[in-house]
Amino acid sequence: LSYNEAMELAYFGAKVIHPQTMAPAVSREIPIWIRNTFAPEKAGTKICANPTSTLAVKGITSIEDVALVNLEGAGMIGVPGTAQRLFGALRDAQISVIVISQGSSEHSICFAIPAVQAEAAEQAVRRAFDAELRGGQIQRVEVTLGCAILAVVGDGMAGTHGVAAKVFSALGDASVNIRAIAQGASERNFSVVIDGRNSARALRAV
């Protein structure tokens, strides 16, 4: 794994490593080896600056107990500062956002957060957009509990055709509905929000 791949996997739930504990090794390009405590003779996983593996996907993981919050309204279209107000309100409420997804129409923004923060997040968003909700510019603030995030991670996904198609196909064949999609410009991480009841089936299928 590259340092970036390892950090992505750690963020999405890999328990063995943490990005902050990796930082000193990363800054000096010191390789990190992870081995099985019960089988230390096995090769294990090497985390370094320039991995030799050419696999497009290095890891598939999931985060459970997630809530999806959707802010929707025609009054958001073309209005500067909407996202700033939204995420400023969440920051002020000390709420950590895991995934963000917005359509190009700007009609809605949805984001995933830990389920335990769902009520606080809804209250923060409603306070921030109280005037727009009362005036009808924003039609709804919707919270969906019981979700999970499935993340596919790998530096080699950048420029590799068909990775997303394979994920969608696998989930479709497993009858798993996708609620939201997020991918950064680096193409290192492809994440989907799904119903938490389907997370194990989705993980196996992908």
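Predicted model only: the values in this text are computed from it and were never measured. Numbers given for residues are sequential positions, taken from 1 along each chain in its written order. A pLDDT threshold of at least 70 governs which residues receive local features in this predicted model, and a stricter bar of 80 or more applies before side-chain atom pairs are shown or counted, although totals over entire chains, interfaces and linings include all residues. To obtain the side-chain values, all non-hydrogen atoms of the structure were used and water was disregarded.

Asks: Is there a simple way to explain the overall build of the chain in this structure?
Replies: In this description a helix means any DSSP run of H or I spanning at least four residues, a strand means any run of E spanning at least two, and both kinds are numbered starting from the N terminus. In terms of regular secondary structure, the chain is built from seven helices and eight strands. For the chain, the spread of C-alpha atoms along the three principal axes comes to 65 × 40 × 30 Å. Throughout this description, buried means an accessible area under 20% of the type-specific maximum (1.4 Å probe, protein chains only), exposed means over 50%, and partly exposed covers the range between. Counting only residues that meet the buried cut, the chain has 39% of its 206 residues in that class. Residue contacts are defined here by distance: any two heavy atoms, one from each residue, within 4.5 Å place the two residues in contact. In the chain, the proportion of contacts linking residues at least 24 apart, taken out of those at least 6 apart, comes to 69%. Counted as positive: Lys and Arg. Counted as negative: Asp and Glu. His and the chain ends are not counted at all. Where a charge sits is defined by one atom per residue type, namely NZ (Lys), CZ (Arg), CG (Asp) or CD (Glu). Within the chain, one finds 18 positive and 18 negative side-chain charges whose respective centroids are separated by 5 Å.

Asks: Got a minute to help me understand helix 1 (residues 3-11) in this structure?
Replies: The α-helix winds at 3.6 residues per turn, so residues separated by three or four positions along the chain end up facing the same way. Buried within helix 1 are the following residues: Tyr3, Glu5, Ala6, Glu8, Leu9 and Ala10. Residues of helix 1 that are buried make contact with helix 2 (19-27), strand 1 (32-34), strand 2 (45-47), strand 3 (59-72), strand 6 (140-153) and strand 8 (189-195).

Asks: Quick question: what am I supposed to make of the pairing of strand 4 (residues 99-102) here?
Replies: On a regular strand, each side chain points to the face opposite its neighbour's, so the side chains alternate between the two faces of the sheet. On strand 4, burial follows the alternation: Val99 and Ser101 on one face are buried, whereas Ile100 and Gln102 on the facing-out side are not. By this definition, two strands are paired if DSSP reports at least two bridges between them. Of the strand pairs in this sheet, strand 4 and strand 5 (residues 108-114) are connected by four bridges, and their pairing is antiparallel. The residue of strand 5 that forms the bridge with Ser101 is Cys110.

Asks: What is the right way to read unusual backbone geometry from this model?
Replies: For residues besides glycine, phi is generally negative; the peptide bonds are generally trans as well. The phi angle at Asp65 is positive, at roughly 55°, despite the residue not being glycine. Position of Asp65 relative to the elements: it lies in strand 3. Note on Asp65: relative accessible area 60%, which makes it exposed. Here Gln94, not a glycine, exhibits a phi torsion of approximately 60°, which is positive. Relative to the helices and strands, Gln94 is located in the loop between helix 3 (82-92) and strand 4.

Asks: Help me understand helix 4 (residues 118-128) in this model?
Replies: Every buried residue of helix 4 is listed here: Ala118, Ala121, Ala124 and Val125. The buried side chains of helix 4 occupy one side of the element, clustering within an arc of 125° when seen end-on. Facing away from the buried side of helix 4 by over 90 degrees, the exposed positions are Glu119 and Arg127. For helix 4, the elements touching its buried residues are strand 3, helix 3, strand 5 and strand 6. Throughout, the arc means the angular range of directions from the helix axis out to the C-beta atoms.

Asks: Please clarify how the nonpolar core should be interpreted in this entry.
Replies: Across soluble globular proteins, nonpolar side chains have a tendency to be buried as a group. Judged by nonpolar contacts, the single largest core of 16 residues is most densely connected at Leu71, Leu86, Leu90, Phe111, Ile113, Val125 and Phe129. Contributing elements (two or more residues each) for this core: strand 3, helix 3, strand 5 and helix 4. If we skip the residues at most four places from it in the chain, Leu90 touches Ile95, Val97, Phe111, Ala121 and Val125. Buried residues of nine kinds, namely Ala, Val, Leu, Ile, Met, Phe, Trp, Tyr and Cys, make up a nonpolar core once their side-chain atoms join them within 4.5 Å. Core analysis: the second largest hydrophobic core is formed by 14 residues, Ala112, Ile149, Ala151 and Val193 among them.

Asks: When you look at the sheet that holds strand 3 in this model, what are you seeing that I'm missing?
Replies: Backbone hydrogen bonds hold the strands of a sheet together, and the pairing may be parallel or antiparallel. Strand order in this open sheet of six strands is 4-5-3-6-8-7, and the pairing throughout is antiparallel. Only two strands of the sheet have a single partner each, and these edge strands are strand 4 and strand 7 (178-183). The average undirected angle you get between the axes of adjacent strands in this sheet is 30°. Both strand 7 and strand 8 contribute to a ladder of five bridges, which runs antiparallel. Residue pairing for strand 8: Gln183 is matched across the bridge by Phe190. Note on geometry: axes are C-alpha line fits, over the in-contact stretch for helices, and angles between N-to-C directions span 0 to 180 degrees.

Asks: Mind showing me how you'd approach the pattern of salt bridges here?
Replies: Side-chain pairs of opposite charge can arise whenever the charged atoms involved come near each other. Whenever a carboxyl oxygen of Asp or Glu lies within 4 Å of a side-chain nitrogen of Lys or Arg, that contact is scored as a salt bridge. Going through the model one piece at a time under the given rule, you end up with nine salt bridges. Here Asp130 ties to Arg134 by a salt bridge, and the two come within 2.8 Å at their closest N and O atoms. Here Arg134 and Asp130 lie together in helix 5 (residues 130-135), a separation of four residues that amounts to about one turn. For Arg134, a relative accessible area of 65% gives the class exposed. Two residues, Asp155 and Arg188, come together in a salt bridge whose shortest N-O distance is 2.6 Å.

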